[in-house]
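Listed here are the chains, written in short residue letters.
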Amino acid sequence: MLNVAIVDDEAAERQKLQSYLQEVTRQKGIAFCVDEFSSADAFLVQYRQGYDLIFLDIEFPHGKSGMDAARALRRIDSAVVIIFVTNIAQMAVEGYEVDALDFIVKPVEPYAFQLKMTRVLSRVACSASDRITVRQDGEMYGLQVHLIRYLTVEGHYVVYHSREGKFAEYLTLSAAEKKLNSPLFCRCDRGCLVNLRFVSAIKKNVCVVDGQELVIARTQRAQFLQAYAEFLGGARQEK
């Protein structure tokens, strides 16, 4: 199931997009959970991590514009797919600034919508495969796996150190490792899981991860060095 938000001040337009999504469900068997918002301000106030796709009108009679909302959204969610819905196609050019995937010109026609959705579903599938959901203080956050630098254990919590911020989740490191399900992550210590993409150097008993020095345990050293050498295609070996 894909989580979708439709943000448009016109109820008829929201209903139209809902019906078009139902047709996608009928044709492709993909289910959608849809939330509707009548203003960009209401959308931002009630925004929750976990949306896969957002249909966002650009012009609103009051409050923030769709473009303002998209800029604010990108500060908290860099992965969600944005599709602008607008009366004026030229305005959608600004969408490149916020990495909008595409735009749809009103009035939205069924055939044009179906063509757009083919591209959208492909992008959403790629995006979803690189995201995990993290629960922190009762809130759900969607993190991009390739932006997670390393994970550490603090008490009963696993802390995700990501370029999107720090997030603490109540679970074991083994459970987090299973959730990531990526060969790019390797333990340098019993309580530390490293994304090999961010390793810039290995110095004796530490690895440098995005500028941070992390200790490599003696018991993990051989396995860690082998994983890093394989990541580099065998080009790097311990000196």
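Treat the numbers as computed from the prediction; the structure is a model and nothing was measured.

## What to know about unusual backbone geometry
Trans is the common state for peptide bonds, and a negative phi is the common state for residues other than glycine. Of note, the amide linkage connecting K106 to P107 takes the cis form, showing an omega dihedral of -5°. Residues other than glycine seldom take positive phi values, yet D137 does so here, at roughly 50°. For D137, the location among the structural elements is in the loop between β6 (131-136) and β7 (139-144). Judged by relative accessible area, which is 76%, D137 ranks as exposed. Non-glycine residue K204 carries a positive phi angle of around 55°. Relative to the elements of secondary structure, K204 occurs in the loop between β13 (199-203) and β14 (206-209).

## What to know about the pattern of salt bridges
Applying the stated rule across the entire model yields 13 salt bridges. Between R149 and D210 there is a salt bridge whose closest N-O contact spans 3.3 Å. Here D210 lies in the loop between β14 and β15 (212-215) and R149 lies in strand β8 (residues 148-154), a separation of 61 residues in the sequence. Salt bridges sharing partners connect three or more residues here, namely D8, E10, D57 and K106.

## A few points about the side chain of E169
Structurally, E169 is set in strand β10 (residues 165-170). Sequence-distant contacts of E169, defined by excluding residues within four places in its chain, comprise T133, V134, R135, H156, Y157, V158, Y160 and K179.

## As for the pairing of strand β12 (residues 192-195)
Of the two faces of β12, the one lined by C192 and V194 and the one lined by L193 and N195 are each fully buried. Alignment of strand β11 (residues 185-189) against β12, held across four bridges, turns out to be antiparallel. Residue pairing across strands places C186 opposite V194, the latter belonging to β12. In this structure, the hairpin formed by β11 and β12 is closed by a connection of two residues.

## Section: the sheet that holds strand β2 (residues 32-37)
Sheets are built from strands that pair by backbone hydrogen bonding, the pairs being arranged parallel or antiparallel. Read from one edge of the open sheet, five strands run β2-β1-β3-β4-β5, paired in parallel fashion. The open sheet terminates on both sides in strands that have one partner only, identified here as β2 and β5 (102-105). Adjacent strand axes in the sheet meet at a mean angle of 20° when their direction is disregarded. One ladder, built from six bridges, connects strand β1 (residues 2-7) with β2; its direction is parallel. The residue of β2 that forms the bridge with I6 is E36. Each of β1, β2, β3 (53-57) and β4 (81-86) touches helix α1 (residues 11-28); the most contacted strand, β2, lies at about 175° to it. This element, helix α3 (residues 66-74), spans β3 and β4 of the sheet and lies at about 175° to β4.

Rules behind the numbers
- Residues numbered from 1 in each chain as written.
- Predicted model: local features only at pLDDT ≥ 70, side-chain atom pairs only at ≥ 80, totals over all residues.
- Heavy atoms only, no water.
- Helix = DSSP H or I, 4+ residues; strand = E, 2+ residues; numbered from the N terminus.
- Buried < 20%, exposed > 50% of the residue type's maximum accessible area, 1.4 Å probe, protein only.
- Salt bridge = Lys/Arg side-chain N within 4 Å of Asp/Glu carboxyl O.
- Contact = heavy atoms within 4.5 Å.
- Pairing = 2+ DSSP bridges.
- Axes fitted to C-alpha atoms, helices over the stretch in contact; angles between N-to-C directions.

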